[in-house]
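# Results of the structural survey
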Amino acid sequence: MTSLREGNRKRVIDALRARGVASRADLARITGLSRSTISTIVGDLVEAGLAGERDGQASDSDGEVHAGRPPVMVSLNSSAGVALGVDFGHRHLRVAVSDLSHSVLAETWRELDVDHSASHGLDAAADFVAQVLEEAGADRGRVIGVGMGLPAPIDRSSGMVQDASILPGWVGVDAAAEASRRLGMPVEVENDANLGALAELVWGAGKGRSEVAYIKVSTGIGAGLLSGGRLQGGAGGTAGEIGHTLVAEGGPVCRCGNRGCLETLASTRAIAGHMSASRGEEISTRRLLELCAAGDAAAQRLIGDAGRAIGIAVANLCNLLNPECVIVGGDLSAAGDVLLEPLRTVVRRNAIPSAVESLEIVPGVLGERAELLGALALVMHESDRFYASRLESEAG
Ligand SMILES: [Zn+2]
C-alpha cells in the first residue's frame, strides 16, 4: 500500500475513533478527502471486517438538514478494537471498556482509600480490567489502549505525578509506565480535569464544539482546556491549574504554598470547612449539597461566594483564551444555579465584552462518570498519543 493511501486510511480511522459514528459526508468534511476516496476507504474497512454501516437518523449527523433519506452511518466494529478507561479518584476506582463507536460495553467501580499506594491501586485496576473484559466478551489482544485518570498534575514528558499533597502514594511513580508494564497494554495517563473536558466534548455539554474550558470544582479546582477540539497541555502537560490563580491577596495559605488561591475559597474542602466551623459539626460535601438544595441560607451563601470567586478566575481565563463555552463540572456543580448564577454575573462584569459576548456557561452533564468516560475518550480522541496500536497494524 502506498504511503499516501495508508495516510488517508489512517485519517479516516482517526476520524471514526474520535467521532464514534459518522456519515461519509462527515468523514469527507473532517478529513478533507474527496467523497470517492472516502467511499473506497470505507469499502475496504467494511470488507476487512473493521467497520460496519447502518442506516442513520438525520440527527446522527452534525445537525445538517437532510432532505429525503437519512445518511448511512459508518462506525468501527469491536473487532477493530476496544478501549479501556481507568479512573482513580480521591475515594474510588472506576474501570470501563468501550468499543470504538463509543458504546460502553461493561463498567465497574469500588471505593478506594484516598491514601492508597500506587501499587495497591494498580493491583485493583488490573483485577477490574480482567473483569470488564470478560463481562464484555472482549479479548485482551483487542485493546488498542488504556486511558488512565489521576486527580493530580501529571508531567507529560516524565509521566510523574507532580503534587505530593494530593496523591502521596503516587508521587515519583511513573504511572503510565508502571500501569503499562502490569497490564501489558499501552497506557496514557491524564489529569482528571483534562479527562472531564474530553468527556464533555465527546459525550456531554461540549458536543459539537471545539473551543471549550472545563472547570472541575471538587476537593481541588482544575481546568481542562480544549482548543481546536484538542487538549492543551502546555509545555509540560500541567496547563489548567486555575485553582492556584490568585483571587484574594493575603488570603488563606494554600497547600501549594501561596496565599489566596482560588482553591482556598471555592473548593468543596474550603466550603465544607467553613460550614463545619459554623455548625460545630463535621459537614461532608454531600451534606453541604443537601443543605443547599433544602434552602439553608449559610450553605447557599457559601456556594454563591464560591461561584463569585470562580467567576473572577474564569473572567481572566476568558480574556486570555476566548472559549465559546465554559463547562462547570465536579461535585459542586450539583448546586446548579446557586453556584452558576453568581459565577455568570461576575464573568460578565469582569471580562471584556468581546471575550464573553457569545460565551455560554453551562453545567457538566456527565456527573461522577465524567473522568471515566474521559479516559475512554482519551484513547479514541487523542489516538496519536498511543503508539503502534493493533488497529493500525491490522488496517495498514
Ligand atoms: Zn494554591
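Here the structure is shown first, and the text comes after it.
Reference entry: report on the structure contained in this document. Just so it is clear, the model here is predicted, and its values are computed rather than measured.

## Overview of the nonpolar core
- Within the largest apolar cluster, 44 residues are counted, with the highest numbers of intra-cluster contacts made by Val12, Leu16, Leu27, Ile38, Leu45, Leu76 and Leu226.
- Secondary-structure elements contributing two or more residues to this core are helix H1 (3-19), helix H2 (24-31), helix H3 (35-47), strand E3 (72-76), helix H6 (192-203), strand E9 (212-217), strand E12 (325-329) and helix H13 (370-381).
- At nine residues, the largest contribution of residues to this core is made by H13.
- In this structure leucine 226 touches Ala197, Leu198, Leu201, Ser210, Glu211, Val212, Leu231 and Gln232, once residues within four positions along its chain are discounted.
- Core analysis: the next-biggest nonpolar cluster, separate from the first, contains 41 residues, Ala266, Met275, Leu289 and Leu291 among them.

## Describing empty space enclosed by the protein
- One pass over the full model with this rule turns up one cavity of 30 Å³ or more.
- Approximately 40 Å³ is the volume attributed to the largest cavity.
- Forming the boundary of the largest cavity are Val86, Leu122, Ala125, Ala126, Met148, Ala179, Arg182 and Leu183.
- Mapped by element, the contributors of at least two residues to the lining of the largest cavity are helix H4 (118-136) and helix H5 (175-183).

## A short note on unusual backbone geometry
- Although it is not a glycine, histidine 102 sits at a positive phi angle of roughly 75 degrees.
- Among the structural elements, histidine 102 can be located in the loop between strand E5 (92-99) and strand E6 (104-111).
- Judged by relative accessible area, which is 12%, histidine 102 ranks as buried.
- A positive phi is found at asparagine 322, a non-glycine position, where the angle reads about 50 degrees.
- Of note, asparagine 322 is situated in the loop between helix H10 (297-321) and E12.
- Accessibility expressed as a relative area gives 43% for asparagine 322, which makes it partly exposed.

## So, the pattern of salt bridges
- Evaluated as defined, the whole model comprises 22 salt bridges.
- In this structure, the salt-bridge partner of arginine 5 is aspartate 44, at a minimum N-O distance of 3.1 Å. Taken as a pair, arginine 5 in helix H1 and aspartate 44 in helix H3 lie far apart in primary sequence, 39 residues in all.

## Considering the packing of helix H9 (residues 285-293) against H10
- Direction vectors running N to C along H9 and H10 enclose 105 degrees, while the axes themselves pass 7 Å from each other. Considering the angle they form, H9 stands roughly perpendicular to H10. For the pair H9 and H10, contact is made by Leu288, Leu291 and Cys292 and by Ala299, Gln300 and Ile303, respectively.
- For the contact of H9 with H10, the residue count by class is five nonpolar, one polar and no charged.

## Remarks on the sheet that holds E12
- The mixed open sheet is built from five strands, whose spatial order is E11-E10-E9-E12-E13. Each edge of the sheet is formed by a strand with only one pairing partner; in this case those strands are strand E11 (230-231) and strand E13 (360-363).
- Pairing geometry for E9 and strand E10 (residues 221-227), over six bridges, is antiparallel. The partner of valine 217 across the bridge, within E10, is isoleucine 221.

Rules and cut-offs
Each chain has its residues counted from 1, following the order in which its sequence is written. Residue-level local features of this predicted model are given only where pLDDT is at least 70; pairs of side-chain atoms are given and counted only at 80 or more, and the full residue set underlies all totals for whole chains, interfaces and linings. For side-chain calculations, the full set of non-hydrogen atoms in the structure is used, while hydrogens and water are omitted. Among buried residues, those of type Ala, Val, Leu, Ile, Met, Phe, Trp, Tyr and Cys that are joined through side-chain atoms within 4.5 Å constitute a nonpolar core. Each residue gets one of three labels from its accessible area relative to the maximum for its type: buried under 20%, exposed over 50%, partly exposed in between, using a 1.4 Å probe on protein chains only. Secondary structure elements are defined from DSSP: runs of H or I of at least 4 residues count as helices, runs of E of at least 2 residues count as strands, and each element is numbered from the N terminus. Note on contacts: a residue pair is in contact if any heavy atoms of the two residues lie within 4.5 Å. The distinction between a cavity and a pocket rests on a 1 Å grid over the protein atoms alone: a 1.4 Å probe fits inside a cavity but cannot get out, while a pocket stays open yet meets protein on both sides within 12 Å along at least five of seven lines, and a residue with an atom within 4 Å of a point counts as lining. Grid points are joined across faces, edges and corners, and a volume is the space filled by probe spheres set on the points. The working definition used for a salt bridge is a side-chain nitrogen of Lys or Arg within 4 Å of a carboxyl oxygen of Asp or Glu. Axes here mean lines fitted to C-alpha atoms, for a helix over just the part in contact, with angles spanning 0 to 180 degrees between N-to-C directions. An angle below 35 degrees is read as roughly parallel, one above 145 as roughly antiparallel, one from 65 to 115 as roughly perpendicular, and any other as oblique. All residues other than Ala, Val, Leu, Ile, Met, Phe, Trp, Tyr, Cys, Pro, Asp, Glu, Lys and Arg, Gly among them, are scored as polar; the first ten of these are nonpolar and the last four charged. Note on pairing: two strands pair once DSSP finds at least 2 bridges between them.

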